[in-house]
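# Coordinate analysis (summary)
Below are the chains, spelled out letter by letter.
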Amino acid sequence: SPDGGAVAVWADVTERADLQRSLARREAQFRSLADNLPDVVARLDRGLRYVYVNRALERVSGRTAAELFGRTPDEVGLP
């Protein structure tokens, strides 16, 4: 402040931290399930770029997840 004082801000982030832990737990559960399915599972962003692929898609496409991430199905020759 202009008179040399201090400003203190207190925020309770407990609820946010709990939500983040819950989201991380659900994401881990999803990945565990999807990675062990025999069917192809993928997540794409709004630009239709891969942000997640399961092991079945890696097997079917012959490409690793790293090769698919950030690319569209058209870019990698997949339907």
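Provided above is the structure to which this section pertains.
On a predicted model such as this, the values are computed, not experimentally measured, just so you know.

What counts, and at which threshold
Chains are numbered independently. Their residues run from 1 in the order of the written sequence. Local features in a predicted model are, by the rule used here, given only for residues with pLDDT of at least 70; side-chain atom pairs are given and counted only at 80 or more, and totals for whole chains, interfaces and linings are based on all residues. Hydrogens and waters are ignored; side-chain quantities use all the structure's heavy atoms. Here the rule is simple: two strands pair whenever DSSP picks up at least two bridges between them. Strands here are runs of E lasting at least two residues and helices are runs of H or I lasting at least four, both read from the DSSP assignment and numbered beginning at the N terminus. To qualify as a nonpolar core, a set must consist of buried Ala, Val, Leu, Ile, Met, Phe, Trp, Tyr and Cys residues joined through side-chain atoms within 4.5 Å. Here the term buried applies to any residue with accessible area under 20% of the maximum for its type, exposed to any over 50%, and partly exposed to those in between, with areas from a 1.4 Å probe on protein chains only. Contact definition: two residues touch when any of their heavy atoms are within 4.5 Å. Identification of polar contacts relies on pairs of N or O atoms within 3.5 Å, with a donor-acceptor requirement for protein atoms, meaning one able to donate a hydrogen and the other able to accept it, and with residues adjacent in sequence counted only if both atoms are side-chain atoms.

### Quick look at the pairing of strand β2 (residues 50–53)
As defined by bridge partners, strand β1 (residues 42–44) adjoins β2 across three bridges and the pair is classed as antiparallel. The partner of alanine 42 across the bridge, within β2, is valine 53. Counted between consecutive antiparallel strands, the loop separating β1 from β2 contains five residues, among which leucine 48 sits at a positive phi close to 60 degrees.

### Observations regarding the nonpolar core
Tyr50, Val53, Leu57, Ala65, Leu68, Val76 and Leu78 together form the largest nonpolar core, which totals seven residues. Secondary-structure elements contributing two or more residues to this core are β2 and α3 (65–68). Not counting residues up to four positions away in its chain, the partners in contact with valine 76 are Tyr50, Arg63, Glu67, Leu68 and Arg71.

### Considerations on the side chain of serine 61
When you line up the elements, serine 61 lands in helix α2 (residues 55–61). Polar side-chain contacts of serine 61 include one of 3.5 Å to the backbone oxygen of glutamate 58. For serine 61, the side chain forms a polar contact with the main-chain nitrogen of arginine 63, separated by 3.1 Å. Those residues in contact with serine 61, other than ones at most four positions away along the chain, are Leu68 and Leu78.

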